[in-house]
Amino acid sequence: MSVQTVEISQFLELRRSLPAVDVRAPLEFEKARIEGAHSVPLFDDQQRSRIGTVYKQTGREEAIQLGLKLAGPRLDGIVEAVRNVCIEFGPDRNAAGSAASEILLYCARGGMRSESVAWLLNQADFDVHRLSGGYKSYRKHVHELFEKRFQLLALTGMTGSGKTRLLLELEKKGEQVVDLEGLARHRGSAFGGIGQGEQPPTEHFENLLFEKLSSLDPRRRIWVEDESRSIGRCVVPQPFFDKLHGAPAISVEIDREERADFLVTEYGDLPTDEMIAATGRIAKRLGGQNVNSVIEALEQGDLKRCAEILLVYYDKTYSICRDKNPRSRVLPVELTGLDAESRTEALLGAADRLQSDLQ
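Residues numbered from 1 in each chain as written. Predicted model: local features only at pLDDT ≥ 70, side-chain atom pairs only at ≥ 80, totals over all residues. Heavy atoms only, no water.

K.L.:
Which parts of the structure should I look at to understand the packing of helix 3 (residues 45-58) against helix 4 (residues 60-71)?
P.N.:
Axes are the key here: two packed helices are described by the angle between their axes and the distance separating the axes. Contact geometry for helix 3 and helix 4: axes closest at 7 Å, N-to-C directions at 160°. In terms of orientation, helix 3 lies roughly antiparallel with respect to helix 4. For the pair helix 3 and helix 4, the crossing hand works out as right-handed. Between helix 3 and helix 4, the residues in contact are Gln47, Arg50, Ile51, Val54, Tyr55 and Thr58 and Arg60, Glu62, Ala63, Leu66, Gly67 and Leu70, respectively. Its residues assigned to classes, the contact of helix 3 with helix 4 shows six nonpolar, three polar and three charged. (Axes fitted to C-alpha atoms, helices over the stretch in contact; angles between N-to-C directions. Helix = DSSP H or I, 4+ residues; strand = E, 2+ residues; numbered from the N terminus. Parallel < 35°, antiparallel > 145°, perpendicular 65-115°, else oblique. Left-handed = near helix turned anticlockwise from the far one by under 90°. Contact = heavy atoms within 4.5 Å. Nonpolar A, V, L, I, M, F, W, Y, C, P; charged D, E, K, R; others polar.)

K.L.:
Sorry, what's going on with the sheet that holds strand 6 (residues 151-157) here?
P.N.:
Note: strands within a sheet are paired through backbone hydrogen bonds, in either parallel or antiparallel orientation. In spatial order, the strands read 7-8-6-11-12; together these five strands make up an open sheet with parallel pairing. The open sheet has two edge strands, strand 7 (176-178) and strand 12 (330-334), and neither has a second partner. Each strand of the sheet is rotated relative to its neighbour by a mean of 30°, with strand direction disregarded. One ladder, built from four bridges, connects strand 6 with strand 11 (residues 249-253); its direction is parallel. Looking at strand 11, one finds that Ala154 is bridged to Ala249. (Pairing = 2+ DSSP bridges.)

K.L.:
Help me understand the packing of aromatic side chains in this model?
P.N.:
Per the stated rule, a full pass over the model turns up five aromatic pairs. Taking 6.0 Å as the distance between ring centres and 85° as the angle between the ring planes, the aromatic pair formed by Phe11 and Tyr106 counts as edge-to-face. Linking Phe11 in helix 1 (residues 8-14) with Tyr106 in strand 4 (residues 102-106), this pair joins segments that are 95 residues apart in sequence. The burial state of Phe11 is the same as that of Tyr106; both residues are buried. Both rings, one in Tyr135 and one in Tyr138, keep their centres 5.9 Å apart while their planes meet at 35°; by these two values the pair is tilted. One end of the pair, Tyr135, and the other, Tyr138, are both in helix 7 (residues 134-146), three residues apart, so they sit about a helical turn from each other. No difference in accessibility class separates Tyr135 from Tyr138, as the two residues are buried. Linked through ring pairs, Phe11, Tyr106, Tyr135, Tyr138 and Phe210 together constitute an aromatic cluster. (Phe/Tyr/Trp six-rings, centres within 6.5 Å; stacked < 30°, edge-to-face > 60°. Buried < 20%, exposed > 50% of the residue type's maximum accessible area, 1.4 Å probe, protein only.)

K.L.:
Would you explain the sheet that holds strand 1 (residues 3-6) in this entry?
P.N.:
Ordered in space as 1-5-4-2-3, the five strands form an open sheet in which the pairing is parallel. In this open sheet, the two edge strands, each paired with only one partner strand, are strand 1 and strand 3 (38-39). Helix 6 (residues 112-123) contacts strand 1, strand 4 and strand 5 (127-131) of the sheet and is inclined by roughly 170° relative to strand 5.

K.L.:
Explain the nonpolar core here, please?
P.N.:
Side chains of a nonpolar character, in soluble globular proteins, are inclined to be buried together. Ranked by internal contacts, the top residues of the largest apolar core, which has 42 residues, are Phe11, Val178 and Leu180. Counting residues per element, the ones that place at least two in this core are helix 1, strand 4, helix 7, strand 6, helix 9 (180-184), helix 10 (202-214), strand 8 (221-225) and helix 11 (238-246). Each residue touching Leu180, except ones within four places of it in the same chain, is listed here: Phe205, Leu209, Val224, Glu225, Glu227, Ile231, Val236, Phe240 and Leu244. (Core = buried A, V, L, I, M, F, W, Y, C linked by side-chain atoms within 4.5 Å.)

K.L.:
Please clarify how unusual backbone geometry should be interpreted in this entry.
P.N.:
It is generally the case that most residues other than glycine have a negative phi and that most peptide bonds are trans. Within the chain, Asp125 stands out as a residue other than glycine whose phi angle is a positive 75°. Of note, Asp125 is situated in the loop between helix 6 and strand 5. Asp125 gets classed as exposed once you look at its relative accessible area, which sits at 51%.

K.L.:
What exactly am I supposed to notice about helix 10 here?
P.N.:
Structurally, the α-helix is built with 3.6 residues per turn, so residues lying three or four positions apart point the same way. Compared with an ideal rise of 1.5 Å per residue, which puts 13 residues at 18 Å, helix 10 spans 18 Å between its outermost C-alpha atoms and is within 8% of the ideal. All of the buried residues along helix 10 are Glu203, His204, Phe205, Glu206, Asn207, Leu208, Leu209, Phe210, Glu211 and Leu213. (Expected span 1.5 Å × (residues − 1).)

K.L.:
What am I meant to see in helix 4 here?
P.N.:
End to end, helix 4 covers 16 Å across twelve residues, agreeing with the expected 16 Å (1.5 Å per residue, within 8%). Those residues of helix 4 that fall on the buried side of the exposure criterion are Ala63, Ile64, Leu66, Gly67, Leu70 and Ala71. Considered in projection along helix 4, the buried side chains sweep an arc of 165° and stay on one side of the axis. Opposite the buried face of helix 4, by more than 90 degrees, sit the exposed residues Gln65, Leu68 and Lys69. Packed against the buried residues of helix 4 are helix 3, helix 5 (75-89) and helix 6. (Arc of directions from axis to C-beta.)

K.L.:
Explanation requested: the environment of Leu12 in the structure shown.
P.N.:
By the element assignment, Leu12 lies in helix 1. Looking at Leu12, the relative accessible area reads 14%, which means it is buried. Considering only alpha carbons, one finds Leu12 and Ile34, 22 residues apart in sequence, at a separation of 9.3 Å.

K.L.:
Help me out: how do you make sense of the pattern of salt bridges in this one?
P.N.:
Proximity of charged atoms lets side chains of opposite charge pair with each other. Applying the stated criterion across every chain, the model contains 29 salt bridges. A salt bridge links Glu171 to Lys212, with the nearest nitrogen and oxygen atoms 3.5 Å apart. Placement of the pair is Glu171 in helix 8 (residues 163-172) and Lys212 in helix 10, with a sequence separation of 41 residues. A relative accessible area of 25% places Lys212 in the partly exposed class. For the salt bridge of Glu266 with Arg187, the shortest nitrogen-to-oxygen distance reads 3.5 Å. Highlighted residues: Glu266 in helix 12 (residues 256-267) and Arg187 in the loop between helix 9 and helix 10, separated in sequence by 79 residues. Salt bridges here are not isolated pairs; linked through shared partners, they connect Lys31, Arg139, Glu203 and Glu206. (Salt bridge = Lys/Arg side-chain N within 4 Å of Asp/Glu carboxyl O.)

Right, here's the structure in full:
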């Protein structure tokens, strides 16, 4: 049994076949983590806070002594929790073929928390690969990836064009796709968070984006829906956002009637009270008369009328945004009246023409 320190690239490679354990406090884990890691905290949130306070007020040695005192009663539980993580991970995915023998481990900065737990687990007959620099080194790796070049292709178009559905259809055809709204659990508009569950914090959204991009071939085109930098409470990292805005784009052209029908289908089963609350959030921009009309339509169950009123507002907003931030290369593609298969084929043909023109 041994304890080895590994760099982030090796850690991520080993993650394919070994379980990863995060020994930071629960709040640290909830904020953001290495995807796939399991939380087995050395200290709970209050204990971590106490140790931090002692460190600031009286110094390192006193903080270490408190940490040792607080950690003692938790040690048996940590070993048991890690064994359970390994059992859950499964021997069929473990490189050693064992349900509880070899793990990956990290803390915040690769310091005393992971060092202490690694020693403990090694005594319990685990082989441990401890991440050098801890979670901080992972975050550095994340930001470095966003600086790299990708062959992005933006999919743009007015509200109700079904861009996310189109991306999913393209993915079925073998195209590389990044669904930012899916990662953010938000469909982008004032109504986009309804029914989507809790959004990840921005830091973890960045981690999810990193994981997705890492799985793709940067030499091939990657479709990404054109988004504002904020998707609900999640913020797209600036370097990636700049690349997306500078990328060539295909503009989906679908008439307003068809887009209104799509919105009825997409949002029609959402709770009326939440739709009304979301309308209130854009009341100033929508205008009092339109707000009243939307609420009245919602209360009467006239979803088509509601969609038509909202599209006037969203189309105007889209046009203003497009004119203020023009793209250097946009290819419009008319999709009105086409079925899903025909739309996908039209987009693929447009992408090939666009790519050929740029070469």
